[in-house]
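# Tertiary structure, described
Here's the letter readout for the chains.
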Amino acid sequence: MKTPTGYKDITQFFVPLALQAMAQAFSHPLVAMVASRGEGGPLNLAGIAQSGTVMFFLGIFAIYYMTTGMVYARTLEGYKTFLRVCVWSGIYICLIQSMLCIPSVSHLIFGRIIGLPLSIEQPAQITLLAAVPLQFFFFLRIPYQVALYNALATGRASFATIGRIILTALLSWLFCFIGLVGPIWAIVCLTIPVLLEVVISMLLAKDFLRRLSSAIKPTPKAREIFFFNLPLATGGIFLALSILILSAFIARAPDPERILPIFFLAIGLANPVAYAATRIQAVVLAFPPTQHTETPIIRFTIVAGIILGLLPLLFIIPGLIEFYYVALQKININELALIRVTAISLITFPFAVALRAYSEGLAAWERKPMAVLAGHGFYLVIVIVSGFIAFVLGVPGYLIGGISLTLASLVSAYIIRVFLNWTHSKNLPVGQTTTPVAQVR
């Protein structure tokens, strides 16, 4: 366990993780220019956003395998088992994703359940199928990233991801320049860099994998690893479902063909910083709060959340807003006022996510995964309730997202803390789920 001497220690640990998280989430806004230049314009972007949400829902196991790997992949035998679990999970998830691309099934999801208009449903259907290889590469990347995290090589881990985002930006420009545009080419533009990220991560993790020692205790079985990850992934599924439900409310609000592209462009910039805010959980695990360290971490969480929330507003500054939204994303210049309002409505979203991540970190440290699951369950409930109330009251679709997402994260953070306080009052045993990240050398 490492005790931070000040905000410098916390910042040095957090910044590479935040940069990596933002780089991961920034891929979709970059390829938006490729999609929006094809036939259908910005409607292609809304379709990709919907298929991306379904893909995220299916691939939720990959995200939470990072935490699971930090528990089980510290020995040579444990790592090999973990690698097999990731690969086979990826194969099964890709098979499910392929089955969802059957026309009747995909129409049920996008057209009937979500309620997308046909102009958005079609690019959503075709990109979900095209993204099957991309889904598998995400699973294949996890074991090598875990090896880097366990070695505290967060800088190297972020290097691989930042390299991916740079290549994505270059390919986006190249594809637009040579006329390879539309939703399919946007997915191709996403897939190639992720494959490169897998290769780079493998090379960077190679030395650390060689240093893994043999297990002293019995090697965990694949079944044990999978079921350890299951409750974490279940909570993540609630988060993914909330986005689908939120999209359904916005799609049923007035003028969806106009509002959906605007909302997804705005949240496409808010999501990267909100995803970076989730790395506060790793900070809590690396520097478990004590009587002397909890206050600095709380203050760091608040400041980081505020700063991250302000970053997307840079893109609504005069000049930059025209360049990004009009020149790159092909939004009608008359929609810029609505873009500004939507972006401002999302300012509190990353801040609320940071507070939720702090509570999640505490729950993980105290071996209370059910607290996280309960918090995520309430997150889903709040999205449904607030989205429905806003819809009934006639709140514009571009504001429903900011209100619902912020309120849901704040309630989720509160529920997790209530659950933890209840266990403390019952004097239930607590302890760390894993060895703190800062201990793994």
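Residues numbered from 1 in each chain as written. Predicted model: local features only at pLDDT ≥ 70, side-chain atom pairs only at ≥ 80, totals over all residues. Heavy atoms only, no water.

### Comments concerning the overall build of the protein
- A count of helical and extended segments in the protein gives 19 helices and zero strands.
- By the compact-globule yardstick of 22 Å for 441 residues, the protein fits well, its C-alpha radius of gyration being 21 Å.
- Summarising its shape, the C-alpha atoms of the protein cover approximately 60 × 45 × 40 Å along the three principal directions.
- With 441 residues in all, the protein has 56% of them scored as buried. (Helix = DSSP H or I, 4+ residues; strand = E, 2+ residues; numbered from the N terminus. Rg over C-alpha atoms; globule rule 2.2 N^0.38 Å. Buried < 20%, exposed > 50% of the residue type's maximum accessible area, 1.4 Å probe, protein only.)

### What about helix α7 (residues 118-130)?
- The first and last C-alpha atoms of α7 sit 19 Å apart over 13 residues, in line with the 18 Å expected at 1.5 Å per residue.
- Those residues of α7 lying buried are Ile-120, Glu-121, Pro-123, Ala-124, Thr-127 and Leu-128.
- In this structure, the buried residues of α7 make contact with α3 (42-58), α5 (76-100), α6 (103-113), α8 (132-150), α10 (183-210) and α12 (256-277). (Expected span 1.5 Å × (residues − 1). Contact = heavy atoms within 4.5 Å.)

### As for the packing of aromatic side chains
- Taken as a whole and judged by the stated rule, the model has twelve aromatic pairs.
- Three or more aromatic residues joined by ring pairs make a cluster, and in this case those are Phe-61, Tyr-65, Phe-82, Phe-226 and Phe-227.
- Over the aromatic face of Tyr-275 sits the side chain of Arg-279, whose NZ or CZ is 5.0 Å from the ring centroid. (Phe/Tyr/Trp six-rings, centres within 6.5 Å; stacked < 30°, edge-to-face > 60°. Lys NZ or Arg CZ within 6 Å of the ring centre and 35° of its normal.)

### Some thoughts on the side chain of Thr-81
- Mapping Thr-81 onto the fold places it in helix α5.
- Of the residues examined, Thr-81 reaches a relative accessible area of 5% and is grouped as buried.

### Describing the pattern of salt bridges
- Scanning all chains against the criterion turns up four salt bridges.
- Where Arg-210 meets Asp-207, a salt bridge forms, and the shortest distance between an N and an O atom there is 3.7 Å. Here the residue Arg-210 and the residue Asp-207 both occupy positions in helix α10, the gap between them amounting to three residues, near one helical turn.
- In this structure Arg-210 comes out as exposed when scored by relative accessible area, which is 60%.
- Judged by its relative accessible area of 35%, Asp-207 is partly exposed.
- Of the charged contacts, one joins Glu-360 and Arg-356 as a salt bridge, the two residues approaching to 3.1 Å between their closest N and O atoms. Of this pair, Glu-360 and Arg-356 are both found in helix α17 (residues 349-365), four residues apart, which corresponds to roughly one turn of the helix.
- With a relative accessible area of 6%, Glu-360 lands in the buried category. (Salt bridge = Lys/Arg side-chain N within 4 Å of Asp/Glu carboxyl O.)

### Focus on the packing of helix α2 (residues 27-36) against helix α9 (residues 154-178)
- Closest axis-to-axis distance for the α2/α9 pair is 8 Å, and the angle between their directions is 5 degrees. Relative to α9, the element α2 is oriented roughly parallel. The segment α2 lies against α9, with Ser-27, Leu-30, Val-31, Met-33 and Val-34 engaging Arg-164, Ile-165, Thr-168, Ala-169, Ser-172, Phe-175 and Cys-176. (Axes fitted to C-alpha atoms, helices over the stretch in contact; angles between N-to-C directions. Parallel < 35°, antiparallel > 145°, perpendicular 65-115°, else oblique.)

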